[in-house]
Amino acid sequence: MQILKKTNLKALEKAKKLGSEKIIALVSKKGLTGRAGGGFPTGKKWQMVKETPANEKYVICNADEGEPGTFKDRFILENNPETLIEGIMIACFAVNAKKAYIYLRSEYTSLKPKLQKTINEVLKKAKSKLNMEIFSGAGSYVVGEETAIIASIEGKRGQPNLRPPYPTTQGLFNKPTVINNVETLTNIPQLVLFDDWKDLKLHSLSGCVNKPGVYELPIGIKLKDIIKLAEPKNKVKAIYFGCFGGCLPYEQFKEMEMKQENICKQNCALGSSTMIIVDETKSIVDIATNIAKFYEFESCGRCTPCREGTMRILHFLEEISLGKATKEDFETLQELAWVIKETSFCGLGQSSMNHLLSALQYFKKEFEAKLK
Amino acid sequence: MKINIDGKDFEVDPKKRLLQILKEKGFEIPSLCYQEGISIQSRCRLCIVEIEGKLKASCEILPKEGMKIITNSDKVQTARRVNAELLFAEQSKFCSTEHKEHDLCKIISELGVRDRKFDTKKKYKVDLGAAVVRDDNKCVNCGRCVATCAEIQATYAIDFAFRGNKEHVTPYFEHDLNDVACTKCGQCIAACPVGAISEREHLQEVLQVLKDKKKHVVVQTAPSIRASLGEEFGMPPGSLVTGKMVAALRKCGFDKVFDTDLGADMTIMEESAELLKRIEKGGPFPMITTCCPAWILFMEFFYHDLLKNMSSCKSPHEMLGMLTKTYYAKKAKINPKNIIMVSIMPCTAKKFESTRPELKSGVDYVLTTREAAKLIEHFKIDFKKIADEEFDPTLGVSTGAGAIFGASGGVMEAALRNAYETATGKRVSKLEFDQIRGMDGIKHGSIIIKGKEIKFAVANGLWNARKLLEKAKDYHFIEVMACPGGCIGGGGQPLPVNKDILQKRMNAIYQQDAKMKLRVPLENPVVQQIYKELLGNPLSKKSEELLHTKYTKRSKF
């Protein structure tokens, strides 16, 4: 796998020789985009931070991998932390930051001692004065959002905040801040050093399959080719792109090329290429209830539709699974889901209904069969 | 910049948020969590509009050239209605707001909701504080109280705890307000759009004592409420209703109606004497005023090293309470034990102040302006039509210096007028200290008394006070009032308040001062008589005993 290739600080050396301008140009030229789901061009982000005048700048590595069914960042943290750390060092060099944070999700605390040891070794070996700190999260899903990460590191409540100002101009402690995902930053030294670097993406595959795991695949590969790798146990019914990405019926879309824009057209989101494979033995209503429970628990409480709405959605879905819901309840559910998606404050609320809305689009009959 | 709203073009200020623009242009947009002067909460999601096919909360959007906004499409209506239903269902008790502008019940009925669509299971304990009562069962998590406490008052007494639908407002570790560093200023009450926070009511107790024939019930009214009480009865902001207020209170059954302005005059006599004494002795400077009980609490919690700089004077209503139970009781030959003193104040912190043991307070009950209005309504008095009456003269004659206590800068101005005249024997050449009047957060100036330059500064709002205290050493005399604009913007005043209303109340107070013949406390005949018959001189042993107090260091946790 390309992502496991080690660069042994040679990429950093090369970056320093090239200078920050050229490094950013190189990252832009190779077309690296954010791997956490947003797909923002990494070079452009760095350029914005570099251009903003400030006496201090920060780099944050987002290792708050909270999306259900996603485990690719963990795979990197366990198997190639050296290259990740080098990537962070290159990012700091490119934007002239003196301090970097690795925001590690609290569920990954077990990785912390080894990661800390690796940081110490790499910094020592590079004779770097960079201040790199592991910041442990407190277990909130929404803190994966960049403004919420900033709030959390600042010691505030881990809630998303209003944008603009964007972190690139006013981020951590009101200073320009680069926030990149683990996978994005690990790609940096590799694309700097290896001429044959290819734009490959990690896919987390799980669900009703015999071979769940992390797969490295080119962007734009057909859905059926991905699913085949994981060896489904039965006939596949639907693919969930994590919780927030929504779901698609497999048979109808198996020929689709897995590109962000194709999936967006179906009102879903590819996100960080998470795929949970669901086969014919599973009920979509049960899955929807389960995901609704997750969002009800993870809503931060800031805005009305997400705080109150996710709770009501869960209630209605539970009623439906128990066969207690009426037609009117089902209509209220649909209206509510639409309002939550349209009017929530942050990405969590807005995407929290993707799973339900797409399930209602493609598997409505399963819901209707359970109504009173 | 030009934008298009509902098909019409408008020229707009690009720095203002869309909600503000829409309101200024006369569009009716429901909103609960937006408040001028605090950061954008974007919580309630009622101010939804449609911009290029997408629904957006107008409070967080900045206008862009050529932006097309639809304020009333079906989509917008549905989104607003559903969010209002969700908010409505969040309350397990109905709201009881006096905020006419932001009534959730009104918003809900306008959106066509008639009943609770969802049930609520939430149940919280009511936090019954000495001055401020918080009932989370009415709360809709709009965040205005939290932001007001932090961003305007720099007190951080309350914040959100827990997450999702368990999120609610609370002091740290879910303590009661009484047990945390809360200044009791009541600005959270003014911020709350659903009445989840309110003053600790004492209306029933007052109604009881009014019925008790054995008690001699006396009322005093603060300088600022005569400029605001009228609003409760539908009069325009800035109406001065002194005469009507006195008449109405007398009709409620109070035996005497006294004027806290006289207490203010007494405070000034003592405070200016204290200032002159410190000038003579060379310190400690700056001397800090202590008329505001929320400010005193703030200092006791957060600035222990400056407590020695605080003036030892009690606040005006406490002084008048004391004088009522000594000077007046003796004159009227009434046993002080049978006198009940009720203070009508613009303030919730005064409720707490009257329970301080070290004051041996002469005040038995404190009512806010809003409670006073309820009291008058209880007796079915037609406030607008009632004929003017005068205060009872025994403790009801006051000067313009006492009158301006209700506005930020007023205490300072009054003290300086009196100190100058006491020290030099002459009236200060210009009585109006314009540099410390007005709505600015921090104001300052200087005056020469007996060849020495006295530098003074004034702050209103506790964040401004914090900023001023950083430069405290530059000044000789500092006045702070905890609420924006001073007592005219107090936590017990009629709602809603905004800058415009505050300015009108302030103007009314200064007009009253300008009309008065007596404008320096030294010239007040009743003040002179009190000193002659009871106290002797300012700062005498007797006044130290009755009119001065001490402060305690309080822990933040």
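Not measured: the values here are computed from a predicted model. (Residues numbered from 1 in each chain as written. Chains lettered and ligands numbered in written order. Predicted model: local features only at pLDDT ≥ 70, side-chain atom pairs only at ≥ 80, totals over all residues.)

**Concerning the overall build of chain B**
When you go through chain B residue by residue, the secondary structure sums to 18 helices and 18 strands. Its C-alpha radius of gyration of 25 Å places chain B within 12% of the 24 Å reference for a compact globule of 557 residues. Projected onto its principal axes, the C-alpha positions of chain B cover 75 × 55 × 50 Å. Considering chain B as a whole, with its 557 residues, one finds that 52% of them fall into the buried category. Put simply, of all contacts in chain B between residues at least 6 apart along the chain, 72% involve residues at least 24 apart. (Helix = DSSP H or I, 4+ residues; strand = E, 2+ residues; numbered from the N terminus. Rg over C-alpha atoms; globule rule 2.2 N^0.38 Å. Buried ≥ 20, exposed ≤ 12 C-beta atoms within 10 Å, placed from the backbone. Contact = placed C-beta atoms within 7 Å.)

**Some remarks on the overall build of chain A**
Secondary structure assignment for chain A yields 17 helices and nine strands. With respect to the three principal axes, the spread of C-alpha positions in chain A is 70 × 40 × 35 Å. The buried share of chain A, reckoned over its 372 residues, is 52%. In chain A, the proportion of contacts linking residues at least 24 apart, taken out of those at least 6 apart, comes to 73%.

**What to know about the domain arrangement of chain A**
All names here are of chain A. Domain assignment breaks chain A into domain 1 (2–193), domain 2 (200–279) and domain 3 (284–368). The straight-line distance from the C-alpha centre of domain 1 to that of domain 3 is 34 Å. Taken together, the contact between domain 1 and domain 3 spans seven residues of the former and eight residues of the latter. (Domains from an automatic or database assignment.)

**Notes on the interface of chain B and chain A**
Counting residues at the interface gives 23 residues for chain B and 23 residues for chain A. Considering each element in turn, the side of chain B that touches chain A owes the most residues, eight residues, to helix 2 (residues 74–90) of chain B. Split by residue class, the side of chain B that touches chain A holds 11 nonpolar, six polar and six charged. (Nonpolar A, V, L, I, M, F, W, Y, C, P; charged D, E, K, R; others polar.)

**Some remarks on the domain arrangement of chain B**
Segmentation of chain B into domains returns domain 1 (2–90) and domain 2 (203–547). Just the C-alpha atoms count here: the centres of domain 1 of chain B and domain 2 of chain B sit 42 Å apart.

**Points about the environment of Leu 87 of chain B**
Within the secondary structure layout, Leu 87 of chain B lies in helix 2. For the pair Leu 87 of chain B and Asn 141 of chain B, spaced 54 residues apart in sequence, the C-alpha separation works out to 8.8 Å. Beyond its immediate stretch of four places on either side in the chain, Leu 87 of chain B contacts Thr 304 of chain A together with Cys 44, Leu 104 and Val 140 of chain B.

**Details of the confidence of the model for chain B**
Of the residues in chain B, 99% reach a pLDDT of 70 or more, and the chain-wide mean stands at 92. Both confidence scores are given for the complex: pTM 0.91, ipTM 0.92. (pLDDT = per-residue confidence, 0-100.)

**Regarding the pairing of strand 1 (residues 58–63) of chain A**
Residue and element names in this part refer to chain A. Across the six residues of strand 1, six count as buried, placing the element largely inside the fold. By the alternation rule, side chains of strand 1 split into Tyr 58, Ile 60 and Asn 62 and Val 59, Cys 61 and Ala 63, which are all buried. With six bridges joining them, strand 1 and strand 2 (residues 99–104) adopt parallel strand pairing. If you follow Ile 60 over to strand 2, its bridge partner there is Tyr 101. Examined bridge by bridge, strand 1 and strand 4 (residues 177–181) share five bridges and lie parallel to one another. Bridging across to strand 4, Val 59 finds its partner in Val 178. (Pairing = 2+ DSSP bridges.)

**Structural notes on the packing of helix 4 (residues 72–79) of chain A against helix 8 (residues 182–193) of chain A**
All names here are of chain A. Where helix 4 meets helix 8, the closest approach of the two axes is 9 Å, and the angle between their N-to-C directions is 45°. Classed by the angle they form, the pair helix 4 and helix 8 counts as oblique. Along its contact with helix 4, which presents Lys 72, Asp 73, Ile 76 and Leu 77, the element helix 8 presents Val 182, Glu 183 and Thr 186. In terms of residue class, the contact of helix 4 with helix 8 is made up of three nonpolar, one polar and three charged. (Axes fitted to C-alpha atoms, helices over the stretch in contact; angles between N-to-C directions. Parallel < 35°, antiparallel > 145°, perpendicular 65-115°, else oblique.)

**Looking at the sheet that holds strand 2 (residues 8–11) of chain B**
All names here are of chain B. Read across the open sheet, the five strands follow the order 2-1-5-3-4; overall the sheet is mixed. Strands at the two margins of the open sheet, each flanked by one partner only, are strand 2 and strand 4 (54–57). Neighbour-to-neighbour, the strand axes of this sheet turn through a mean angle of 35°, independent of strand direction. Examined bridge by bridge, strand 3 (residues 48–51) and strand 5 (residues 68–70) share two bridges and lie antiparallel to one another. What sits directly across from Glu 50, in strand 5, is Ile 70. Of the strands in this sheet, strand 3, strand 4 and strand 5 are in contact with helix 2, which crosses strand 3 at around 155°.

**What to know about the environment of Asn 524 of chain B**
If you trace the backbone, Asn 524 of chain B turns up in the loop between helix 16 (499–515) and helix 17 (525–535). Setting aside anything within four residues of it in sequence, one finds Asn 524 of chain B in contact with Asp 265, Val 397, Ser 398, Thr 399 and Leu 518 of chain B.

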